[in-house]
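# Residue-level structural notes
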Amino acid sequence: MFFMVDRVLYIKNMVCDRCVMVVRERLLALGLEVETVELGRALLGRPATDEERAAIRSTLEAVGFELLDDPRSRLVERTRALIIDWTRREERDPSRNLSDFLSDRLHQDYSALSKLFSEETGTTIERYAIAQRIELAKELLSYGERSLGEIADRLGYSSVAHLSNQFKRVVGQTPSAYRRLARGRKPLDRV
């Protein structure tokens with residue numbers, strides 16, 4: 001989807017549907033015409049004036065978001081939002097990997113995206129994606145509604161053993177031990 005840049009707001013720290021709702025409400029409360037809001041960005045009905053941008057910046061910062069002006073930061077934040085989207089998709093084409101998904105959606109070469117992401121965040125796309133998958137695994141384990149096999153399938157792991165090994169490396173305990181304790185989840189914007 002292509003938008004006129006002066007109508008698009010790029011917003012850092014949007015990680016869930018609740019964030020989308022809060023940003024929409026805040027923009028509407030400022031009297032702005034809002035066409036769409038999605039993770040990491042909002043499309044206004046018309047370009048915002050300098051005064052409106054200052055008000056937007058202030059109101060978003062008050063609730064933990066940040067308006068992004070730098071193109072590199074915008075691309076990194078868009079990459080984060082897409083990784084979260086990819087991780088949380090219930091239906092995912094198993095033949096399509098994250099690098100292809102990001103390249104297609106961002107119209108960028110994956111190696112350039114990966115280099116930029118690492119420079120800006122201090123971590124790799126792969127490590128960030130693993131952290132997101134493990135946080136979702138923790139969420140699903142804490143609900144207690146799915147078996148470990150179902151969770152491994154849902155997250156696109158090749159096996160329960162692969163999920164268990166990665167989970168233990170990241171969390172420091174097995175998924176089963178975590179499920180018994182059901183604690184330690186981080187907000188997605190802290191991953």
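Residues numbered from 1 in each chain as written. Predicted model: local features only at pLDDT ≥ 70, side-chain atom pairs only at ≥ 80, totals over all residues. Heavy atoms only, no water.

## Considerations on the side chain of Glu-77
Going by this rule: For helices the rule is a DSSP run of H or I covering at least 4 residues; for strands it is a run of E covering at least 2, with both sets numbered from the N terminus onward. Accessibility here uses a 1.4 Å probe with only protein chains present; expressed as a share of the type maximum, an area under 20% marks a residue as buried, one over 50% as exposed, and anything in between as partly exposed. Polar contacts, as used here, are pairs of N or O atoms within 3.5 Å; protein pairs need one atom able to donate a hydrogen and one able to accept it. Residues neighboring in sequence count only if both atoms are side-chain atoms. We call two residues in contact whenever any of their non-hydrogen atoms come within 4.5 Å of each other.
By secondary structure assignment, the location of Glu-77 is in helix H3 (residues 71–88). The exposure class of Glu-77 is buried, given its relative accessible area of 6%. In this structure the side chain of Glu-77 is engaged in a polar contact, spanning 3.1 Å, whose partner is the backbone nitrogen of Asn-13. Leaving out residues up to four positions away in the same chain, Glu-77 has contacts with Ile-11, Lys-12, Asn-13, Met-14 and Leu-68.

## Description of the confidence of the model for the protein
Close inspection of predicted coordinates is inappropriate for parts of the model with low pLDDT. Basically, it comes down to this: Per-residue confidence from the predictor is reported as pLDDT, which spans 0 to 100.
On average, residues of the protein carry a pLDDT of 89, and 91% of them reach 70 or more. The least confident element of the protein is helix H9 (residues 175–181), whose mean pLDDT is 88; the most confident is helix H8 (residues 160–171), at 96.

## Points about the packing of H3 against helix H4 (residues 98–106)
Short version of the rule: Every angle, taken between N-to-C directions, lies between 0 and 180 degrees, and every axis is a line fitted to C-alpha atoms, over only the stretch in contact when it is a helix. Comment on the angle field: the value is read as roughly parallel under 35 degrees, roughly antiparallel over 145, roughly perpendicular from 65 to 115, and oblique elsewhere. Each helix crossing is assigned a hand: it is left-handed if the near helix lies turned anticlockwise from the far helix by less than a right angle, otherwise right-handed if that turn is clockwise. The residue classification treats Ala, Val, Leu, Ile, Met, Phe, Trp, Tyr, Cys and Pro as nonpolar and Asp, Glu, Lys and Arg as charged. All others, Gly included, are polar.
Closest axis-to-axis distance for the H3/H4 pair is 10 Å, and the angle between their directions is 130 degrees. By the angle between their axes, H3 is oblique relative to H4. Our pair here, H3 against H4, has a crossing hand that is right-handed. Listed contacts from H4 to Leu-75, Arg-78, Thr-79, Leu-82, Ile-83, Asp-85 and Trp-86 of H3 are Leu-98, Phe-101, Leu-102, Arg-105 and Leu-106. Here the residues of the contact of H3 with H4 are counted per class, giving eight nonpolar, one polar and three charged.

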